[in-house]
Amino acid sequence: MRIPKGESVSEVSSFTIRLNFHGDLAFFLKSKAGNKIVERRLGEKTSVKDVIESCGVPHPEIDLILVNGQPVDFSHILEGEQEIDVYPVQWPPTLFPENRLQVHHLKKFMADGHLGKLARDLRLLGFDVIYDRDAQDRQLLAALNIDNPEIVGASEGFRSRALLTRDRWLLMHKVVQHGYYPRSQDAAEQTIEVMRRFDLFSSIAPFTRCLRCNAHLEKVEKAEVIEKLEPLTRIHYEQFRRCTGCGQIYWPGSHFDKLRARIEGIRAILAVESRSENQI
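Residues numbered from 1 in each chain as written. Predicted model: local features only at pLDDT ≥ 70, side-chain atom pairs only at ≥ 80, totals over all residues. Heavy atoms only, no water.

Q: How would you summarise the overall build of the protein chain if you had to cite specific residues and measurements?
A: A count of helices and strands for the protein chain gives eight helices and 14 strands. Burial analysis of the protein chain (280 residues in total) assigns 44% to the buried set. For the protein chain, restricting intrachain contacts to residue pairs at least 6 apart in sequence, the fraction spanning at least 24 positions comes to 60%. Looking at the protein chain as shown, the accessible area adds up to about 15,700 Å², and 49% of this sits on carbon and sulfur atoms. (Helix = DSSP H or I, 4+ residues; strand = E, 2+ residues; numbered from the N terminus. Buried < 20%, exposed > 50% of the residue type's maximum accessible area, 1.4 Å probe, protein only. Contact = heavy atoms within 4.5 Å. Areas by Shrake-Rupley, 256 points an atom, 1.4 Å probe, with all protein chains shown as cover.)

Q: Before we move on, could you go through the pattern of salt bridges and cite the residues and values that matter?
A: Applying the stated criterion across every chain yields a total of 15 salt bridges. The partner of aspartate 128 in a salt bridge is arginine 209, with the nearest N and O atoms 3.9 Å apart. Residue aspartate 128 is located in strand β9 (residues 128-131), and its partner arginine 209 is located in the loop between α5 (187-197) and β12 (217-220); the two are separated by 81 residues in the primary sequence. As far as burial versus exposure is concerned, aspartate 128 and arginine 209 are alike and both buried. Three or more residues joined by partner-sharing salt bridges are found here, namely Arg18, Glu39 and Glu83. (Salt bridge = Lys/Arg side-chain N within 4 Å of Asp/Glu carboxyl O.)

Q: Please provide a residue-by-residue account of the environment of leucine 19, values included.
A: For leucine 19, the position within the fold is in strand β1 (residues 15-21). Here leucine 19 is in contact with Lys36, Ile37, Val38, Arg40, Val51, Ile52, Cys55 and Ile84, once residues within four sequence places are set aside.

Q: I'd love a proper account of the packing of aromatic side chains, names of residues and values included.
A: Enumeration according to the criterion identifies seven aromatic pairs in this entry. Seen from their ring centres, phenylalanine 240 and tryptophan 251 are 6.2 Å apart, and the 55° between their planes marks the pair as tilted. Here phenylalanine 240, found in strand β13 (residues 240-243), pairs with tryptophan 251, found in the loop between β14 (249-250) and α8 (256-279); they are eleven residues apart in sequence, far enough to count as distant. For tryptophan 251, a relative accessible area of 28% translates into the label partly exposed. One aromatic cluster is present, formed by Phe27, Phe28 and Tyr181 through successive ring pairs. Across the ring face of phenylalanine 27, the terminal group of arginine 183 is positioned such that the distance to the ring centre comes to 5.5 Å. Taking the ring centre of phenylalanine 198 as reference, the NZ or CZ of arginine 197 above it sits at 4.1 Å. (Phe/Tyr/Trp six-rings, centres within 6.5 Å; stacked < 30°, edge-to-face > 60°. Lys NZ or Arg CZ within 6 Å of the ring centre and 35° of its normal.)

Q: Please set out the side chain of glutamine 190 residue by residue, giving values where relevant.
A: Turning to its location among the elements, glutamine 190 is positioned in helix α5. Those residues in contact with glutamine 190 that sit more than four places away from it in its chain are Leu115, Leu118, Arg166, Pro182, Ser184 and Gln185.

Q: Which residues make up α5, and what values go with them?
A: Burial within α5 is extensive, with eight of its eleven residues counted as buried. If you check which residues of α5 are buried, you get Ala187, Gln190, Thr191, Ile192, Glu193, Val194, Met195 and Arg197. The N-cap of α5, judged by a side-chain oxygen 3.2 Å from the amide nitrogen of alanine 188 a few residues on, is aspartate 186. Positive backbone phi, at 55°, marks aspartate 199, one or two positions downstream of α5. (Polar contact = N/O pair within 3.5 Å; in protein donor to acceptor, adjacent residues only side chain to side chain.)

Q: I'd like a rundown of the pairing of strand β8 (residues 108-111), residues and numbers included.
A: Direction of pairing for β8 relative to β9: parallel, over a ladder of four bridges. By the bridge assignment, methionine 110 is partnered in β9 with isoleucine 130. Taken together, β8, helix α2 (residues 116-124) and β9 constitute a β-α-β crossover, and its handedness is right-handed. Of the strand pairs in this sheet, β8 and strand β10 (residues 162-164) are connected by three bridges, and their pairing is parallel. Counted as the bridge partner of phenylalanine 109 is alanine 162 from β10. (Pairing = 2+ DSSP bridges. Right-handed = clockwise from strand over helix to strand, strands pointing away.)

Q: Lay out helix α3 (residues 137-145) in plain terms, naming residues and giving numbers.
A: The set of residues buried in α3 consists of Leu140, Leu141, Ala143 and Leu144. Buried residues along α3 cover an arc of 160° about the axis, so they all sit on one side. For α3, the secondary structure elements touched by its buried residues are β8, β10 and α4 (168-171). (Arc of directions from axis to C-beta.)

Q: Lay out the layout of surface pockets with the relevant residues and their values.
A: Here the second largest pocket is characterised by a volume of approximately 490 Å³. As for the second largest pocket, its lining consists of 21 residues, and the residues nearest its centre are Arg241, Tyr250, Trp251, Pro252 and Phe256. Listing elements by their share of the lining of the second largest pocket, those giving two or more residues are α2, β12, β13, β14 and α8. Examining the composition of the lining of the second largest pocket, we find that three residues originate from one element, β12, more than from any other. Across the lining of the second largest pocket, the residue classes tally to 13 nonpolar, three polar and five charged. (1 Å grid on protein atoms, 1.4 Å probe; cavity = no way out; pocket = protein on both sides within 12 Å on 5 of 7 lines; lining within 4 Å. Points joined across faces, edges and corners; volume = space filled by probe spheres on them. Nonpolar A, V, L, I, M, F, W, Y, C, P; charged D, E, K, R; others polar.)

Q: Provide a residue-level description of the sheet that holds strand β11 (residues 178-180), including the pertinent values.
A: Strand order in the open sheet formed by four strands is β9-β8-β10-β11, with parallel pairing between adjacent strands. Among the strands making up the open sheet, the edge pair consists of β9 and β11. The average undirected angle you get between the axes of adjacent strands in this sheet is 25°. With respect to the sheet, α2 is in contact with β8, β9 and β10, its orientation differing from that of β9 by roughly 155°. (Axes fitted to C-alpha atoms, helices over the stretch in contact; angles between N-to-C directions.)

The following block contains the structure:
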């Protein structure tokens, strides 16, 4: 706490704020008892963003902030005793819809080095996911902060991309505008979470991106790639796609049915959720 010149610690007025975290935001709190209410004693004016993140909740997870019942943005300054309600994305959707703080629908992502399986699943579903398992945190943040980052697979700036990471402190960095912290450690469940968070159900386009480098796939005639095929592949398959980036060749081999089943399973879960929401 900074102390103005000429004042002692006892002369600095302090105040208490009370924060109520709604929905699943309690996931980020230190309390393991399910308590969603946190009190903070402040000794100086502080932005509501800083206070919320001091509780462990990253700002990209916050969609609505109410101070004494009125919506504010992250820059709002707290300077007295106040009640603060903090809501996750789209919860509840009818409360101050015009004052929401997050973009609800994004189709471009950057995943940190620990989320390789999630990145692969999203690419399988047709989504643009930049992923480099060797990229350091500073490289990811630098890429998010400039228009033409030099990072594997990049062809454009990443300001409009959502960062996917299970490092909450990385997600709290000021250069991160959009992001999500997968709650589950299971890749399949993480995929469902991201699809739900960014409203991606209607945007699924399976088998349109390279699982290795993220570039688009294009249909190619067998004659154009036959020299690169194994003997049995030449005999049994007629349909091929080629990556426009790395040149990897894809065909509906023995693995295809497993991948298709995985996609249909994801679609089924999201469809059930969509029907349930419409019935409410």
